[in-house]
Amino acid sequence: YAIVAVALDAVAATRSRLAKERALTNALRWACGCGSAAADDVAAVCYLMAPQKDAQSGGHRLQPDYVPGGVLGLSGKTIEAAAASAARTSVEGLRAAAKRRGGSLSEAVAALRSEPSAFFRTRAPPPRGEPPAPLGAAEVRAALLGVGAIAGAGAESRKRDACAALLRRCGPRE
């Protein structure tokens, strides 16, 4: 999953269409070129880098339209609350960090996650002092599909908690 995060950071950092194309192409080459890459991993990289817009709800999908379900159904407030929870700060603290960084919530989250104290405070502890296993693209896609499947009473809080748990498993740049 780290290659997806790096590619999307590169796309966000430039206005050059050719540089964006190069970043996405290199990420796909990496995904296809890995000897152990399964079809699920390649599909996950594609869906995570360019999720489809759902024709009915307008939300993002991580699988084709002909497959039932798969709509994430995450509101901006849910994403903001999950990011704040993962960084062990309040929503107001996250908004203040975003304001200090030009208003970008994603940059505020990345900055909070890149601080060494925040990283060790928020990331799930590895077993017996081993380095944490990197997240795979297929694993992230499956987790997000699970978030999209949450429904019923209290769905928003369960979606927030699931997203926060996923964010805690990510490294600072992810």
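Heads up: the structure comes first, above all this text.
Residues numbered from 1 in each chain as written. Predicted model: local features only at pLDDT ≥ 70, side-chain atom pairs only at ≥ 80, totals over all residues. Heavy atoms only, no water.

**Focus on the overall build of the chain**
Looking only at helices and strands, the chain features 9 helices and 2 strands. What you see in the chain, going N to C, is helices and strands ordered as α-α-α-β-β-α-α-α-α-α-α. For the chain, the proportion of its 174 residues judged to be buried stands at 32%. Residue pairs at least 24 apart in sequence account for 52% of intrachain contacts in the chain once pairs closer than 6 positions are excluded. (Helix = DSSP H or I, 4+ residues; strand = E, 2+ residues; numbered from the N terminus. Buried < 20%, exposed > 50% of the residue type's maximum accessible area, 1.4 Å probe, protein only. Contact = heavy atoms within 4.5 Å.)

**Focus on the packing of helix H4 (residues 76–86) against helix H5 (residues 91–100)**
For the pair H4 and H5, interaxial distance at closest approach is 8 Å and the crossing angle is 95°. With respect to their mutual orientation, H4 and H5 come out roughly perpendicular. Of the residues in H5, those touching H4 at Glu80, Ala81, Ala83 and Ala84 are Val91, Leu94 and Arg95. Per-class residue counts for the contact of H4 with H5 are 5 nonpolar, no polar and 2 charged. (Axes fitted to C-alpha atoms, helices over the stretch in contact; angles between N-to-C directions. Parallel < 35°, antiparallel > 145°, perpendicular 65-115°, else oblique. Nonpolar A, V, L, I, M, F, W, Y, C, P; charged D, E, K, R; others polar.)

**Digging into the nonpolar core**
With 18 residues, the main nonpolar core has Leu48, Val140 and Leu144 as its most contacted residues. Elements represented by at least two residues in this core include exactly helix H1 (2–12), helix H2 (17–33), helix H3 (39–49) and helix H8 (137–149). For this core, the element with the highest residue contribution is H3, accounting for 5 residues. Setting aside chain neighbours within four positions, we find Leu48 in contact with Tyr1, Val4, Leu8, Leu62, Ala137, Val140, Arg141 and Leu144. (Core = buried A, V, L, I, M, F, W, Y, C linked by side-chain atoms within 4.5 Å.)

**Some words on the packing of H1 against H3**
Packed helix pairs are specified by the crossing angle of their axes together with the interaxial distance, meaning the distance between the axes. It is the contact of H1 with H3, at a shortest axis distance of 10 Å, that shows an interaxial angle of 30°. The orientation of H1 relative to H3 falls into the category roughly parallel. Like other packed secondary-structure pairs, H1 and H3 cross with a definite hand, here right-handed. Across from Val4, Ala7 and Leu8 in H1, the residues of H3 making contact are Val45, Leu48 and Met49. Here the residues of the contact of H1 with H3 sort into 6 nonpolar, no polar and no charged. (Left-handed = near helix turned anticlockwise from the far one by under 90°.)

**Overview of the pattern of salt bridges**
Throughout the structure, instances matching the rule amount to 3 salt bridges. With a shortest N-O distance of 2.5 Å, Glu139 and Arg169 are connected by a salt bridge. Taken together, the residues Glu139 in helix H8 and Arg169 in helix H9 (residues 155–169) connect sequence positions 30 residues apart. Among the residues examined, Arg169 registers a relative accessible area of 37% and is labelled partly exposed. (Salt bridge = Lys/Arg side-chain N within 4 Å of Asp/Glu carboxyl O.)

**Points about the side chain of Arg141**
When you line up the elements, Arg141 lands in helix H8. Note on Arg141: relative accessible area 14%, which makes it buried. Polar side-chain contacts of Arg141 include one of 2.6 Å to the backbone oxygen of Leu62. When neighbours within four sequence positions are excluded, Arg141 is seen to be in contact with Ala43, Ala44, Tyr47, Leu48, Leu62 and Gln63. (Polar contact = N/O pair within 3.5 Å; in protein donor to acceptor, adjacent residues only side chain to side chain.)

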